[in-house]
Amino acid sequence: MQSAWRDILKQNQDRYIVELQDFLRIPSVSTSEAHIADVMGAATWAVDRMKAAGLENVSINPTGVHACVYGDWLHAPGKPTILIYGHFDVQPADPLDLWDSPPFDPVIKDGKIYARGAADMKGNILLALVAVEAMLEAGELPVNVKFLLEGQEEIGSRDLGPFVAANHDLLACDLVLTPDGAQWSEVQPSMWMSFKGLCALEIELESSGMDLHSGLYGGGVPNALHQLVELLGTLRDSEGNILVEGFYDQVVPLTADERAKINQVPFDEAAYTSSIGIDALVGEPGYTTYERVWARPTLELNGMWGGYSGDGVKTVIPAKAHAKITCRLVAHQNPDDVLAAIEKHIEKHKPAGARVKFIHPQGKARAFALPSDFAGVHVVASVLEEQYGRPPYYARVGGTLPIMDMFLQELNSYTIDVGFSQEDERMHSPNEFFRLTNFERGQIVYGRMLERFGEMTPESLAV
């Protein structure tokens, strides 16, 4: 017999879409001081909607410039507690002239809703919330549920960490679910098993006390740009192996099973290269492209500058040159240890007479990886297979989502990303959209996951 909560969801789809449109009209751009009140407006909207859904202890909590919102329902003694995390802030809509319709005036066309934040991630927040609402209305919510929604994810969740650290009891849970993600396609589900960490370093190399006239000094003095190029060339070999001593020390090799799961995901090399305008793939020998991008650490030069770059010619020998480096890290790599190893390598290999200064931008994060044998993974995979009619791909993400490791370190809970956006939905770009079929399907998946977790004990989800 079908659960009553499913009937409630089906009967209320039109209302949910109207509510989503209301949510999307709020220009909650966290990067802009001009929209501080709008981000608070989105927080207020979320508070009102959470109360209407039947959640209790709903509150707005200050976290730096932008607040976060909390609510719970804790009336399932002995059952797991599931924390659902999301964010209601959005990216700027610029460039506005590339939008087919105003970014904060939602338009529904061909089964898709177009607006900034539709896919990332207001649609995903609402689908999870209405699933809980329907289960509460039907008297069929079998687990304890907490919601934590923030207003600064798009600027790095920079103030969320202290809030989480200071509120262990409030946020204590057995598992975190976040709909801040995507499925592989409309017909193929996926599970995102890991996210890379991140560290960054800026190098300033000085070769002399001032820029010098190349006619007076050329051939007899060092050139900062030449020295920097020489130095940076020692970081990697021509095949893509990183030559920094100690860089790979904390990297745990992929198991045969992990490699098999990664390589079950179809890869069309011709389509991949043509879609991004490159002629050939490169990378660390012995690994496939997805293995390199998803599961091996990287060291990339993001920018270099120095000397004269204006119009015409300036016959100068630059005194200073600069470079920006970022590393995407994998599980068990410590960002501080990696940065220390790079700095040690640079000091060892810098050209004679060169003076080097290191600058550390903000943005360090540890990698996060789900164990493939974790009980929560099996539950989510089985629900996705039930809904899509095929098992999910076990994929990984080359990017960074710092909250994953934050919840693991502070709450001792794993996070599983179960979102229903898709890669082609233009997140962060003009004409962002969200498929309404996935909006409805995601509600069913969240309801079924909560049902299945209600059959488990909290101990079965322990880290």
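Let us look at the structure shown here.

### Describing the overall build of the chain
Counting its regular elements, the chain contains 15 helices and 18 strands. Against the globule reference of 23 Å for 463 residues, the chain gives a C-alpha radius of gyration of 25 Å, in line with a compact fold. Each principal axis of the C-alpha atoms in the chain carries an extent, and together these give about 85 × 50 × 45 Å. Pairs at least 24 residues apart make up 80% of the contacts formed inside the chain by residues separated by at least 6 positions. Accessible surface, the chain as shown: approximately 20,300 Å² in total, 51% of it carbon and sulfur. A gap of 2 Å separates the mean positions of the 37 positive and 63 negative side-chain charges of the chain.

### Topic: the sheet that holds strand β4 (residues 107-109)
An order of β4-β5-β18 is seen for the 3 strands of this open sheet, with the pairing classed as antiparallel. Whereas interior strands pair on both sides, the edge strands pair on one side only; in this sheet they are β4 and β18 (433-435). Across this sheet, the average inter-strand angle for adjacent strands is 25°, counted without regard to direction. In the sheet, strand β5 (residues 112-114) pairs with β18 via 3 bridges, with the strands oriented antiparallel. Each bridged residue has a counterpart across the sheet, and for Y114 the counterpart in β18 is F433. Sheet strands touched by helix α15 (residues 436-453): β4, β5 and β18. Its angle to β18, the strand with the most contacts, is close to 55°.

### Quick word on unusual backbone geometry
With an omega dihedral of -5°, the bond running from D94 to P95 counts as a cis peptide bond. Tracing the chain through its elements places P95 in the loop between β3 (81-87) and β4. A cis amide bond links D120 with the next residue in sequence, M121, at an omega value of -10°. Mapped onto the fold, M121 is located in helix α4 (residues 118-138). Positioned with a positive phi, N412 is a non-glycine residue whose angle comes to about 55°. Mapped onto the elements of the fold, N412 is located in the loop between α14 (403-411) and β17 (415-417).

### Considering the pairing of strand β16 (residues 393-397)
Counting buried positions along β16 gives 5 out of 5 residues, so the element sits mostly inside the fold. By the alternation rule, side chains of β16 split into Y393, A395 and V397 and Y394 and R396, which are all buried. Sheet topology places strand β8 (residues 190-195) next to β16; 4 bridges connect them, and they run parallel. Bridging from a neighbouring strand, F195 pairs with V397 of β16.

### Describing helix α3 (residues 36-53)
Along its 18 residues, α3 runs 26 Å from first to last C-alpha, staying within 8% of the 26 Å computed at 1.5 Å per residue. Check the buried side of α3 and you find it contacts α2 (13-24), β1 (56-61), β2 (68-73), α4 and β6 (144-150).

### Notes on a nonpolar patch on the surface
A cluster of nonpolar side chains, contributed by V229, L301 and M304, occupies part of the molecular surface with about 260 Å² of accessible area. The residue M304 is located in strand β11 (residues 298-306) in this model. Look at M304 and you get partly exposed, because its relative accessible area is 43%.

### With respect to the packing of aromatic side chains
Counted under the stated rule, the structure contains 15 aromatic pairs. For the ring pair Y114 and F433, a centre distance of 5.3 Å and an interplane angle of 40° mean the geometry is tilted. With Y114 in strand β5 and F433 in strand β18, the pair connects residues that are 319 residues apart, well separated along the chain. With a relative accessible area of 17%, Y114 lands in the buried category. With a centroid separation of 4.9 Å and an interplanar angle of 55°, the aromatic rings of F267 and Y272 are classed as tilted. For Y272, a relative accessible area of 26% gives the class partly exposed.

### A short note on the pattern of salt bridges
Using the criterion set out here, one finds 20 salt bridges in the structure. R355 is the salt-bridge partner of E206, the closest N and O atoms lying 3.5 Å from each other. Here E206 is found in strand β9 (residues 197-206), whereas its partner R355 is found in strand β14 (residues 355-359), with 149 residues between them in sequence. Between D257 and K261 there is a salt bridge; the shortest N-O distance is 2.9 Å. Of the two residues, D257 and K261 are both situated in helix α9 (residues 256-263); the distance of 4 residues between them amounts to about one turn of the helix. Ionic contacts of the salt-bridge type, sharing partners, join the residues R15, E19, R49 and E133 into one network.

### Here's the deal with the sheet that holds strand β13 (residues 320-329)
Spatially, the 4 strands line up as an open sheet ordered β11-β13-β9-β14, and their pairing is antiparallel. Each having just a single partner strand, β11 and β14 make up the two edges of the open sheet. Each adjacent strand pair in this sheet contributes to an overall mean axis angle of 20°, direction not counted. Relative to β14, β9 runs antiparallel, the two sharing 5 bridges. Paired with E204 across the two strands is K357, which belongs to β14. Running at roughly 20° to β13, helix α8 (residues 224-232) makes contact with β9, β11 and β13 of the sheet. Running at roughly 25° to β9, helix α12 (residues 335-349) makes contact with β9, β11, β13 and β14 of the sheet.

Conventions adopted
Residues numbered from 1 in each chain as written. Predicted model: local features only at pLDDT ≥ 70, side-chain atom pairs only at ≥ 80, totals over all residues. Heavy atoms only, no water. Helix = DSSP H or I, 4+ residues; strand = E, 2+ residues; numbered from the N terminus. Rg over C-alpha atoms; globule rule 2.2 N^0.38 Å. Contact = heavy atoms within 4.5 Å. Areas by Shrake-Rupley, 256 points an atom, 1.4 Å probe, with all protein chains shown as cover. Lys, Arg positive; Asp, Glu negative; His and termini not counted. Charge placed at Lys NZ, Arg CZ, Asp CG, Glu CD. Pairing = 2+ DSSP bridges. Axes fitted to C-alpha atoms, helices over the stretch in contact; angles between N-to-C directions. Buried < 20%, exposed > 50% of the residue type's maximum accessible area, 1.4 Å probe, protein only. Expected span 1.5 Å × (residues − 1). Patch = residues over 30% accessible without salt bridge, like charges linked within 9 Å, V, L, I, M, F, W, Y side chains within 5 Å. Salt bridge = Lys/Arg side-chain N within 4 Å of Asp/Glu carboxyl O. Phe/Tyr/Trp six-rings, centres within 6.5 Å; stacked < 30°, edge-to-face > 60°.

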